[in-house]
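What follows is each chain in one-letter form.
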Amino acid sequence: MRSLPLTFCAAAAAAATLLPTTAALADSEPQGRVSVTPSAIAPGGEVELWVDICGRGREAKGNSDAFVSEAHFAPADDKGLFAKAKIRSDAEPGDYDVWVNCKGGKGKATGKLTVVHHRQPSPIAPVRAGGGGTANLADQAAEQDGPGTRHAVTGLVLGAVAVVAVAFRSVRRRRSAAD
């Protein structure tokens, strides 16, 4: 009579040891990685997804909590399968998992993408405005140190020529009046 419980216990122990092995064999479909480009993106942007685990000529579907809708993969050259996915405009910043399942359960792949929010730049100085491009010219003129030696010499020469011209004219008038 004791052989029946002993047989039952032995069968239960054998089943318990073989069950994890059977589950592992059932989940032995090929695993791969999803290439996400760019890996960091702002909400509303679009990413390119590449996967090569499904084989040539196959189809796959990919998804992520950051995507607007499911990504449908199609064959692309010799690189595998390709899809584009749009990032939700209300996606919170952080890391998101991307998962792809090959059509017919022939493989799956995972990857990650990061959603980042860019701050809007704020002005740190007043805007230079006025006259189109004259603000730049005024800025360049303000950077100069003022007249140099060349300008001073030119001014002195012109002043001396003016003094000599006035003096000759005065002398001529005095001679004309004296005649």
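In case you missed it, the structure is sitting above this.
Residues numbered from 1 in each chain as written. Predicted model: local features only at pLDDT ≥ 70, side-chain atom pairs only at ≥ 80, totals over all residues. Heavy atoms only, no water.

Trainee: Looking at this structure, how should I read the overall build of the protein chain?
Mentor: Per the secondary structure count, the protein chain includes three helices and nine strands. Written out in order from the N terminus, the α and β elements of the protein chain read α-β-β-β-β-β-β-β-β-β-α-α. Looking at the protein chain as a whole, 18% of its 179 residues are labelled buried. The contacts of the protein chain with a sequence gap of at least 6 include a subset with a gap of at least 24, amounting to 54%. (Helix = DSSP H or I, 4+ residues; strand = E, 2+ residues; numbered from the N terminus. Buried < 20%, exposed > 50% of the residue type's maximum accessible area, 1.4 Å probe, protein only. Contact = heavy atoms within 4.5 Å.)

Trainee: It is not clear to me how the nonpolar core should be interpreted in this structure. Could you clarify?
Mentor: Inside soluble globular proteins, nonpolar side chains tend to come together where they are buried. Core analysis: the biggest nonpolar cluster contains 24 residues, and Val-47, Leu-49, Phe-67, Phe-73, Ile-87 and Leu-113 have the highest contact counts within it. Counting residues per element, the ones that place at least two in this core are strand E4 (46-51), strand E6 (71-76), strand E7 (80-86), strand E8 (94-102) and strand E9 (108-115). With sequence-adjacent residues up to four places away left out, Val-47 is seen in contact with Val-36, Thr-37, Pro-38, Ile-41, Phe-67, Ala-83, Lys-84, Ala-85 and Ile-87. (Core = buried A, V, L, I, M, F, W, Y, C linked by side-chain atoms within 4.5 Å.)

Trainee: What is the right way to read the environment of Leu-81 from this model?
Mentor: Following the sequence through the fold, Leu-81 ends up in strand E7. A sequence separation of 23 residues divides Leu-81 from Arg-58, and the C-alpha atoms of the two residues are 7.7 Å apart.

Trainee: Help me understand the packing of aromatic side chains in this model?
Mentor: Two aromatic rings, taken as a pair, are described by how far apart their centres are and by the angle between their planes. Counted according to the given criterion, the structure contains one aromatic pair. Considering the side-chain rings of Trp-50 and Phe-82, the 4.7 Å spacing of their centres and the 50 degrees angle between planes classify their relative orientation as tilted. Of the two residues, Trp-50 is situated in strand E4 and Phe-82 in strand E7; the sequence distance between them amounts to 32 residues. Overall, the relative accessible area of 22% leaves Phe-82 in the partly exposed class. (Phe/Tyr/Trp six-rings, centres within 6.5 Å; stacked < 30°, edge-to-face > 60°.)

Trainee: Hey, could you run me through the pattern of salt bridges in this one?
Mentor: Two side chains that carry opposite charge are able to pair once their charged atoms sit near each other. What the rule picks out here adds up to four salt bridges. The shortest N-O distance in the salt bridge between Lys-84 and Glu-46 comes to 3.9 Å. Of this pair, Lys-84 sits in strand E7 while Glu-46 sits in strand E4, and the two are 38 residues apart along the sequence. Judged by its relative accessible area of 46%, Lys-84 is partly exposed. The shortest N-O distance in the salt bridge between Lys-112 and Asp-97 comes to 2.5 Å. Taken together, the residues span a long stretch of sequence, with Lys-112 in strand E9 and Asp-97 in strand E8 at a distance of 15 residues. Taking relative accessible area as the criterion, Asp-97 reaches 43% and is therefore assigned partly exposed. (Salt bridge = Lys/Arg side-chain N within 4 Å of Asp/Glu carboxyl O.)

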